[in-house]
Amino acid sequence: MFYDSLLLAYRNIRERKFRSFLTLLGIAVGIAAIISLIAVGYGMQYSITEELIGMADIISVMPGRQIIPGMGGYAETITERDIEDIERIAGVEDVGPWMYGTAQVEYRKERTPVTIISGDTQDLEEMYATYAEFEDGRWIYEGDHRGCTIGYSVAHEYFDEDIGINDRLIINGEKFVVVGVLEKAGMMASADLDPNIFLTIRAAQEVLGTKDIYMLTVRISDIDRADDIGEEIEETLDQNHNMDDFAQAMTMSSMIEQIGTVFLILQAVLVGIASIALIVGSIGIMNSMLMSVMERTHEIGIMKAIGATNSNIILLFLTEAGMISLVGGILGCILGTITATLVSIGVSFYIGMEMPAIITPEVMIGSLSVAILVGVISGLYPARRAAKMSPVEAVRYG
Amino acid sequence: MIRAVNLKKIYKMGEIEVPALRGVSLDIPDGDYVAIEGPSGSGKSTLLNMIGCLDRPTSGNVFIDDVDTSKLNDTELAKIRREKIGFIFQMFNLIPTLNALENVSLPMMFYGSSRGKRAKRAEELLKIVGLADRANHKPSELSGGEQQRVAIARALANDPPVIFGDEPTGNLDTESGKGIMNFLEKLNKKGETLIIVTHDPEIAARAHRSIRMRDGTLKA
């Protein structure tokens, strides 16, 4: 009987080719939306996680309570002594300080404020090397106390005249020589690179007139002990500053975890949006099946008159709904895969970072099951309505 | 053996109740050939639908082989229609998307016969009604007489003891009509019970007995 209902359903679908196709398209679009959004979401998570895993041997340390000007708060920052103490912790290889600030920059009589980023020159290079190439020149060396590397916007947008290497800048009254000009960075890193001037720590201390350290990056030798070392760093700093939670040490694994949570929420929102498309599709199936029931009232009557039971009729209509949604689901998987692939190619190109479309078998199977489930549920009401008709009324109809 | 006891059927048209049967009792023994006659609106089709288990009476009982059908649920009633009854309609009522062979197979499909068995039996039946060469034609490609013969083959599919005909020749020309009636009578001679609703006195005259109806009651 089941095989027969497949055959009969197929006949009926073929009889109403165009309408069946439209119904099927409704489901397909819903499924395609879900698949492509999930694939792109996974891809994003994958590429960002990959990026972070590449830095798994780094713990970043910041003062935990931010200083809010004028609101009291803690005016203390990380000190030289903190760095020395952290360097003494077992498993710590290297501690890199980072400084940020704004300075007045003068170039050929023109002045404008620019953000200064400063750190160990090696750290600078490692942190940013993957995001941008050099238009000309190189990163500053540790000995370049009068040299600076500048971002693309600083070189070409901030001043009337373009800046090239060996040009001279006056930063907060101190003279510097440009040793490197970066190319425009990809979207992901553009804010970190393009509008900034990079200096050595010593130069930054002079220029900014402070020894305040904004953040530390601690390189460790054993990734597995990252969390323990992170805790030890926090304790050491809290002791130094005599505060409960002065410092916050962030390992990459805890960062990855946090990002994972964010992506889970993102996924839920995306799937929620895609579900709307699916709901619209399922209303389409229900509508189409109801029309099919109305059109075939006469046929249903005949079938019942020659001995079909209510469940026979329900099976026939559910098979038809299931078939439309299964084919719609398969089409949706194909469309979704194509869309996701195109989006990932586009996005990868745009942000200059590889972001693959990740489509797992689970997502495929899940989407197909959802499609069939939606089809069958939407078909249930019309099917029951068809089955409940009195044979004599139905035969007389039409 | 079909027995009807005090059948009443009232149709509700909005607020108005229209009685179609006002208490009809009759016995039809196995192998009988009965014509039910009467003008339109006399309730003859309603009576046929009740004793053919297509519809339930408002009150009264229909016994098929001593089973009280008023006590059966929808599924059991469907089983009676499938196994004990073959129905032939005035409008043939074939499924338009299926070819002749598939139409004939349909009752056997609901019965649960295997595909092989069904195909064989359907071919046999089409041969009996003289349409072996039209097996793959859709109803729209067949003449009225041919469609009705497919319908007869379909009615015989599960080998039911009773055939009901609701004006089976009403939509056919005289020649085709005669052919159909001859064929049905041949079945009756082989022991099939035949119950035909008609308003053609010529057909009524050929039956073993004729029941006349008027205003929802039997006229002796």
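Residues numbered from 1 in each chain as written. Chains lettered and ligands numbered in written order. Predicted model: local features only at pLDDT ≥ 70, side-chain atom pairs only at ≥ 80, totals over all residues. Heavy atoms only, no water.

## Here's the deal with the overall build of chain A
How we decide: By the criteria applied, helices consist of DSSP H or I runs no shorter than four residues and strands consist of E runs no shorter than two, each listed in order from the N terminus. Throughout, radius of gyration means the C-alpha value; the globule benchmark is 2.2 Å times the number of residues raised to the power 0.38. Note on classification: 1.4 Å probe, protein chains only; a residue is buried when its accessible area is under 20% of the maximum for its type, exposed when over 50%, partly exposed between these limits. Residue exposure ignores everything except the shown protein chains as possible cover, and the areas themselves are Shrake-Rupley values with a 1.4 Å probe. A positive count includes Lys and Arg, and a negative count includes Asp and Glu. His and the chain ends are not counted in either. Taken as the charge location is NZ of Lys, CZ of Arg, CG of Asp or CD of Glu.
For chain A, the count of helices and strands is 13 helices and ten strands. For 398 residues, the compact-globule estimate of 2.2 N^0.38 gives 21 Å, and the C-alpha radius of gyration of chain A, at 32 Å, exceeds that figure by more than 25%. Structurally, chain A occupies a C-alpha span of about 100 × 50 × 40 Å along its principal axes. Put simply, chain A has 398 residues, and 47% of those count as buried. Counting every atom, chain A has about 19500 Å² of accessible surface; 59% of that belongs to carbon and sulfur. Positive and negative side-chain charges in chain A, numbering 26 and 53 respectively, have mean positions lying 16 Å apart.

## Concerning the pattern of salt bridges
Residues and elements named next belong to chain A. Put simply, the rule is: We define a salt bridge as a contact between a side-chain nitrogen of Lys or Arg and a carboxyl oxygen of Asp or Glu at a distance within 4 Å.
By the definition in use, this model includes 33 salt bridges over all chains. With its nearest N and O atoms 3.4 Å apart, the salt bridge here joins Arg219 to Asp57. Placement of the pair is Arg219 in strand E9 (residues 215-220) and Asp57 in the loop between helix H2 (17-53) and strand E1 (58-63), with a sequence separation of 162 residues. Given the relative accessible area of 17%, Arg219 is considered buried. Classification of Asp57 by relative accessible area gives partly exposed; the value is 22%. Through salt bridges with shared partners, a single network forms among Asp57, Asp123, Glu126 and Arg219.

## Here we look at the nonpolar core
For clarity, the cut-off: Nonpolar core, defined: a set of buried Ala, Val, Leu, Ile, Met, Phe, Trp, Tyr and Cys residues in which side-chain atoms within 4.5 Å join the residues together. The contact rule is simple, with two residues in contact once any of their heavy atoms fall within 4.5 Å.
Among the nonpolar cores identified, the biggest contains 40 residues, and Met303(A), Ile313(A), Phe317(A) and Leu106(B) are the most heavily contacted of them. Contributing elements (two or more residues each) for this core: helix H1 (2-15), H2, helix H9 (252-295), helix H10 (297-305), helix H11 (310-351) and helix H12 (361-388) of chain A together with helix H3 (100-111) of chain B. With eight residues, H11(A) is the single largest residue contributor to this core. Residues within four places of Ile313(A) in sequence aside, it is in contact with Ile300(A), Met303(A), Lys304(A), Ala308(A), Ala386(A) and Ala387(A). Met108(B), Ala135(B), Leu142(B) and Ile152(B) belong to the second largest nonpolar core, which has 35 residues in total.

## Regarding the pairing of strand E9 (residues 209-214) of chain B
Residue and element names in this part refer to chain B. The condition is simple: Paired strands are those between which DSSP finds at least two bridges.
The pairing of strand E3 (residues 33-37) with E9 spans four bridges and is classified as parallel. Residue pairing across strands places Val34 opposite Arg209, the latter belonging to E9. Taken together, the three bridges between E9 and strand E10 (residues 217-219) define a ladder with antiparallel strand orientation. Along E10, the bridge assignment pairs Arg212 with Lys219.

## Comments concerning a negative patch on the surface
Residues and elements named next belong to chain A. The line we're drawing: A residue counts toward a patch only above 30% relative accessible area and without a salt bridge, and it is joined to like-charged neighbours within 9 Å or, for Val, Leu, Ile, Met, Phe, Trp and Tyr, to nonpolar neighbours within 5 Å.
On the surface, Asp227, Asp228, Glu231, Glu232, Glu235 and Glu257 cluster together into a negatively charged patch. Counting residues per element, the negative patch draws most heavily on helix H8 (residues 226-241), at five residues. Following the sequence through the fold, Glu232 ends up in helix H8.

## Notes on the pairing of strand E4 (residues 59-64) of chain B
Along any regular strand the residues' side chains alternate between the sheet's two faces. All names here are of chain B. As paired elements, strand E1 (residues 2-13) and E4 share five bridges and run antiparallel to each other. The residue of E4 that forms the bridge with Val5 is Asn61. One ladder, built from two bridges, connects E4 with strand E5 (residues 67-68); its direction is antiparallel. Paired with Phe63 across the bridge in E5 is Asp68. Count of turn residues in the E4/E5 antiparallel hairpin: two residues, of which Asp65 carries a positive phi of about 45°.

## Re the sheet that holds E10(B)
All names here are of chain B. Under the convention used in this document: In this analysis, axes come from line fits to C-alpha atoms, helices being fitted only over the stretch in contact, and the angle between any two N-to-C directions falls in the range 0 to 180 degrees.
Strand order in the open sheet made by the six strands is E6-E7-E8-E3-E9-E10, with mixed pairing throughout. At either margin of the open sheet sits one strand with a lone partner, and together these are strand E6 (85-88) and E10. Averaged over all adjacent pairs, the angle separating strand axes in this sheet is 25°, with direction ignored.

## Quick notes on the domain arrangement of chain A
A common way to state how big an interface is: give the accessible area lost once the parts meet. Residue and element names in this part refer to chain A. Quick note on the threshold: Source of the domain bounds: an automatic or database domain assignment. Defined in terms of a 1.4 Å probe, buried area is the accessible area two parts forfeit on being brought together, summed over both. Here a polar contact is recorded for every N or O atom pair within 3.5 Å, except that within protein the pair must consist of a potential hydrogen donor and a potential acceptor, and residues adjacent in sequence are included only if both atoms are side-chain atoms. Under the scheme applied, nonpolar residues are Ala, Val, Leu, Ile, Met, Phe, Trp, Tyr, Cys and Pro; charged residues are Asp, Glu, Lys and Arg; polar residues are all the others, including Gly.
As far as domains go, chain A holds domain 1 (2-52 + 257-396) and domain 2 (58-251). Taken together, the six residues of domain 1 in the interface contact six residues of domain 2. Taken together, both faces of the contact between domain 1 and domain 2 bury some 480 Å²; the carbon and sulfur share is 71%. Viewed at the interface, domain 2 and domain 1 are joined by zero salt bridges. Here domain 1 is connected to domain 2 by zero residue pairs in polar contact (both at pLDDT 80 or more). Elements with a contribution of two residues or more to the side of domain 1 that touches domain 2: H2 and H11. Class assignment for the residues of the side of domain 1 that touches domain 2 results in four nonpolar, one polar and one charged.

## Things to note about the interface of chain A and chain B
The partner chain B presents 24 residues to the 25 residues of chain A that form the contact. Taking both sides of the interface into account, the surface hidden between chain A and chain B amounts to around 2300 Å²; carbon and sulfur atoms contribute 62%. The tally of links between chain A and chain B comes to three salt bridges. Residue Arg115(B) is joined to Asp4(A) by a salt bridge in which the shortest nitrogen-to-oxygen separation is 2.7 Å. Counting across the chain A and chain B interface gives eight residue pairs in polar contact (both at pLDDT 80 or more). Those elements that place two or more of their residues in the side of chain A that touches chain B are H1, H10, H11 and helix H13 (391-396) of chain A. Residues that form the side of chain A that touches chain B fall into these classes: eleven nonpolar, seven polar and seven charged.

## Considerations on unusual backbone geometry
The backbone phi angle of Asn242(A) is positive, close to 55°, even though this residue is not glycine. Within the secondary structure layout, Asn242(A) lies in the loop between H8 and strand E10 (247-251). In this structure, Asp159(B) takes a positive phi of about 55° despite not being glycine. Relative to the elements of secondary structure, Asp159(B) occurs in the loop between helix H5 (144-155) and strand E7 (162-166).

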